[in-house]
Amino acid sequence: MKLISVNVGLPREIIWRGRTVKSSIWKNPVAGRVRVSTLNLDGDQQSDLSVHGGVDKAVYVYPREHYSYWQSQLPEVDLAWGAFGENFTTEGLFEDKVQIGDRLRAGSVDFIVTQPRMPCFKLGIRFDRPDMVKRFLHSKRTGFYLAVLREGEVAGGDPIEFTDRQENGVTIADIVNLYTLDSENQELLRRATELPALPNGWKDYFRKRLWDADA
């Protein structure tokens, strides 16, 4: 497993449907070692803190292996690392293998996996395609977020290792499926609500889908 590229970006204002929208989805690779703090990376800043950023979404990870799929789907688009707004473009980490609560180390930084990425309308703006949010979710190639347990530095090329793995845990793909396709899987819903690392907003959402939430 490997960190292929570290990508950062600052908010920019764009005109969309006649109004000004601020977004930080445009990320660019940076060379050298980059400081990672509890809330973000040096040189990176979220635009709308009501839905982006915070300790549970400090770092967004996207697998490089998904780029070939999107290149076939969007042949007219130049897909440089960071194209999906990710901070880390990685190799060897997949949504159906990575579990909520898994702990990772890259460089001198320790992380914990918290949740999948649920795209907002700004992904459609980024690719100039109104259907991009639906296509992104349908593809199940969502990437995932990390919280920072120990601050430090990372750089492209750093190896990534698991420092702790959940036994029979709930994967990123499981959470996405509960949200999109498998919303009545009561056993999986209950397991999701009991995950310490899953943010409360997700757990509250899943509790409402339990048939016997108080049992």
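Residues numbered from 1 in each chain as written. Predicted model: local features only at pLDDT ≥ 70, side-chain atom pairs only at ≥ 80, totals over all residues. Heavy atoms only, no water.

**A short note on the packing of helix H4 (residues 172-180) against helix H6 (residues 200-207)**
Put simply, the rule is: Orientation is described by lines fitted to C-alpha atoms, with helices fitted over the stretch in contact, and by angles between N-to-C directions that extend from 0 to 180 degrees. Only DSSP runs of H or I covering at least 4 residues are called helices, and only runs of E covering at least 2 are called strands; the numbering of each starts at the N terminus. Roughly parallel means an angle under 35 degrees; roughly antiparallel means over 145; roughly perpendicular covers 65 to 115; every other angle is labelled oblique. Take the far helix as the reference: if the near one is turned anticlockwise from it by less than a right angle, the crossing is left-handed, and if turned clockwise, right-handed. In this analysis, two residues are considered to be in contact whenever any of their non-hydrogen atoms come within 4.5 Å of each other. Each residue is assigned to one of three groups, with Ala, Val, Leu, Ile, Met, Phe, Trp, Tyr, Cys and Pro labelled nonpolar, Asp, Glu, Lys and Arg labelled charged, and all others, Gly among them, labelled polar.
Where H4 contacts H6, the two axes come as close as 11 Å, and the packing angle between them is 45°. By the angle between their axes, H4 is oblique relative to H6. For the pair H4 and H6, the sense of crossing is left-handed. Contacts between H4 and H6 involve Ile-175, Leu-178 and Tyr-179 on the former and, on the latter, Trp-202, Tyr-205 and Phe-206. Residues of the contact of H4 with H6, tallied by class, amount to six nonpolar, no polar and no charged.

**What to know about the environment of Val-34**
Its place among the elements puts Val-34 in strand S5 (residues 34-36). Put simply, Val-34 and Glu-153 are 119 residues apart on the chain and 5.2 Å apart in space, counted from C-alpha to C-alpha.

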